[in-house]
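Listed here are the chains, written in short residue letters.
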Amino acid sequence: NAGVTQTPKFQVLKTGQSMTLQCAQDMNHEYMSWYRQDPGMGLRLIHYSVGAGITDQGEVPNGYNVSRSTTEDFPLRLLSAAPSQTSVYFCASKPTGMISYEQYFGPGTRLTVT
Amino acid sequence: AQSVTQLGSHVSVSEGALVLLRCNYSSSVPPYLFWYVQYPNQGLQLLLKYTTGATLVKGINGFEAEFKKSETSFHLTKPSAHMSDAAEYFCAVSEELGGGADGLTFGKGTHLIIQP
């Protein structure tokens, strides 16, 4: 199993550009989520999904859009990038309905918005 | 909402010395607690977790943590630090979000520095 994969690893955008961060998992996990990591802030939840066709907002959803058309994929879209979105983005997955289960994290995407 | 506090954004210890990373949480329900480690330029890897049962939890790489309900703490320890332990460590608590979902609330992280 590849686990949770993310592409690209690095990305530089100009303010106002759009892009999609890709996330895929091959563990048949229903729950997937996106976090952003900023220095001194830990990780904060952006959006999450409990299954195909179901998404919801986390702590910091503004400026981001998600959709979930398949169990495997959970892309994160930046519609109009802003410098405040410079961050490291992590995708994670786990089985739904098992709060004691750990989340499995991808390797991250380092995004810089100039 | 739940919260997690990690005391000390940076902790420095000598190789071979005891490692102690502190974590306190607030939760209105019995918590599920996790410690994750992040090596430079990598994702997060689970070190250990507490769900129910034994309050002393053993994890990978010689780490362990003790859940103390009365102190709302889940401190991480390792008897003897190794150079390879240098990394960022995150304490997290699992929180129900509704609709069958749950998410992690993270502390701000502690950067562990190992002095030779």
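Engineer: I'm lost on the interface of chain B and chain A in this one. Help?
Structural biologist: Interfaces are often sized by the amount of accessible area the parts lose when they come together. Taken together, the contacts link 25 residues of chain B with 24 residues of chain A. Ranking the residues of chain B by area buried against chain A places Leu44, Asp102 and Phe106 of chain B at the top, with a combined share of 25%. Seen at the junction of chain B and chain A, the total is two salt bridges. Counting the contacts that link chain B with chain A gives six residue pairs in polar contact (both at pLDDT 80 or more).

Engineer: Can you help me understand the nonpolar core in this one?
Structural biologist: Burial of nonpolar side chains together is a common tendency in soluble globular proteins. Formed by 27 residues in total, the largest nonpolar core has its most connected members in Trp35, Leu48, Leu76 and Tyr89 of chain B. Excluding its chain neighbours within four sequence positions, the residues that come into contact with Leu76 of chain B are Val19, Leu20, Leu21, Trp35, Leu47, Leu48, Phe63, Glu64, Ala65 and Tyr89 of chain B. Counting 19 residues, the second largest nonpolar core, distinct from the first, contains Leu21, Trp34, Val60 and Tyr64 of chain A.

Engineer: Which parts of the structure should I look at to understand the state of the cysteines?
Structural biologist: Each disulfide consists of a covalent bond between the sulfur atoms of two cysteine residues. Applying the stated criterion across every chain yields a total of two disulfides over all chains. There is a disulfide in this structure between Cys23 of chain A and Cys91 of chain A, and the S-S distance comes to 1.8 Å. In this structure, the disulfide formed by Cys23 of chain A and Cys91 of chain A twists by about -70° around the S-S bond and is classed as left-handed. On the criterion of sequence distance, the pair formed by Cys23 of chain A in strand β3 (residues 19-25) and Cys91 of chain A in strand β9 (residues 87-94) is long-range, its members being 68 residues apart. Like Cys23 of chain A, the residue Cys91 of chain A is buried in the burial classification. The disulfide partner of Cys23 of chain B is Cys91 of chain B, and the gap between their sulfur atoms is 1.9 Å. Since a negative S-S torsion denotes a left-handed disulfide, the Cys23 of chain B-Cys91 of chain B link at about -65° is left-handed. With a gap of 68 residues between them, Cys23 of chain B in strand β3 (residues 19-26) and Cys91 of chain B in strand β9 (residues 87-98) connect regions that are remote in the sequence.

Thresholds applied
Residues numbered from 1 in each chain as written. Chains lettered and ligands numbered in written order. Predicted model: local features only at pLDDT ≥ 70, side-chain atom pairs only at ≥ 80, totals over all residues. Heavy atoms only, no water. Contact = heavy atoms within 4.5 Å. Buried area = accessible area lost by both parts, 1.4 Å probe. Salt bridge = Lys/Arg side-chain N within 4 Å of Asp/Glu carboxyl O. Polar contact = N/O pair within 3.5 Å; in protein donor to acceptor, adjacent residues only side chain to side chain. Core = buried A, V, L, I, M, F, W, Y, C linked by side-chain atoms within 4.5 Å. Buried < 20%, exposed > 50% of the residue type's maximum accessible area, 1.4 Å probe, protein only. Disulfide = S-S within 2.5 Å. Helix = DSSP H or I, 4+ residues; strand = E, 2+ residues; numbered from the N terminus.

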